[in-house]
Amino acid sequence: MPDDMNLPVLMPGQLLARGVSRHLRGHDFVCVEELVPTSGLRVDVMALGPKGEIWIVECKSSRADFQSDAKWQGYLPWCDRFFWAVGPEFPTELLPEETGLMIADGYDAEILAMGPETRLAPARRKVMIQKFARHAAVRAQTARDPGFALPFGG
């Protein structure tokens, strides 16, 4: 049976996020989507590695999607590494050279460039791991009991 037989129809950016998450799972990372590190920002994929490393991956499905993103540099203080994930037809020459790059589709991804590592301060790392854990727990509870989804603090 195909693995996406019962999955909802996903938007192009969500398909990229799924491929990225699948790929990173093969590197022993776990991922959540649409995590809010701070007010005004929402990352497409946040990945937590086996040694506590935190990567943020922004998924861009088109040139217009990338060009309308004025917030991406605001994500840098919230991760150890930052990546773009784009489809195979995306014009990668538009992307900043000092960032990581993944080519993705709905089923997998490939890391083409790692980009620099800027280690988070221990206090910031603790906050991000707690946000990651709470976000993942809420998603799991919502999947298990969709009729009882309360917002944080609810």
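These notes cover the structure that comes with them. Treat the numbers as computed from the prediction; the structure is a model and nothing was measured.

Considering the packing of aromatic side chains
Then, in step 1: Scanning the model with the defined rule gives eight aromatic pairs in all.
Then, in step 2: Pairing Trp-55 with Phe-83 gives two aromatic rings, centres 4.9 Å apart and planes at 45°, and the pair type is tilted. You can see Trp-55 sitting in strand S3 (residues 54-60) and its partner Phe-83 sitting in strand S4 (residues 81-86), a full 28 residues away along the chain.
Then, in step 3: A residue is classified by how much of its surface remains accessible, and Trp-55, at 9% relative accessible area, is buried.
Then, in step 4: Among the aromatic residues, those joined into a cluster by ring pairs are Phe-66, Trp-72, Tyr-75, Phe-82, Trp-84 and Phe-90.
Then, in step 5: Just above the ring of Trp-78 sits the side chain of Arg-124; from NZ or CZ to the centre is 3.7 Å.

Section: the environment of Gly-49
Then, in step 1: With respect to the secondary-structure elements, Gly-49 resides in the loop between strand S2 (43-48) and S3.
Then, in step 2: Sequence separation between Gly-49 and His-27 is 22 residues, and the spatial gap between their C-alpha atoms is 8.1 Å.
Then, in step 3: Residues in contact with Gly-49, not counting those within four places in the same chain, are Asp-28 and Phe-29.

Re the pattern of salt bridges
Then, in step 1: Under the defined criterion, the tally for this structure stands at eight salt bridges.
Then, in step 2: The salt bridge involving Asp-65 is made with Lys-60; its shortest N-O contact spans 3.6 Å.
Then, in step 3: Overall, Asp-65 belongs to the partly exposed group, its relative accessible area being 24%.
Then, in step 4: A relative accessible area of 6% means that Lys-60 is categorised as buried.
Then, in step 5: Salt bridges sharing common partners tie together Glu-58, Lys-60, Asp-65 and Asp-69.

The rules behind each value
Residues numbered from 1 in each chain as written. Predicted model: local features only at pLDDT ≥ 70, side-chain atom pairs only at ≥ 80, totals over all residues. Heavy atoms only, no water. Phe/Tyr/Trp six-rings, centres within 6.5 Å; stacked < 30°, edge-to-face > 60°. Helix = DSSP H or I, 4+ residues; strand = E, 2+ residues; numbered from the N terminus. Buried < 20%, exposed > 50% of the residue type's maximum accessible area, 1.4 Å probe, protein only. Lys NZ or Arg CZ within 6 Å of the ring centre and 35° of its normal. Contact = heavy atoms within 4.5 Å. Salt bridge = Lys/Arg side-chain N within 4 Å of Asp/Glu carboxyl O.

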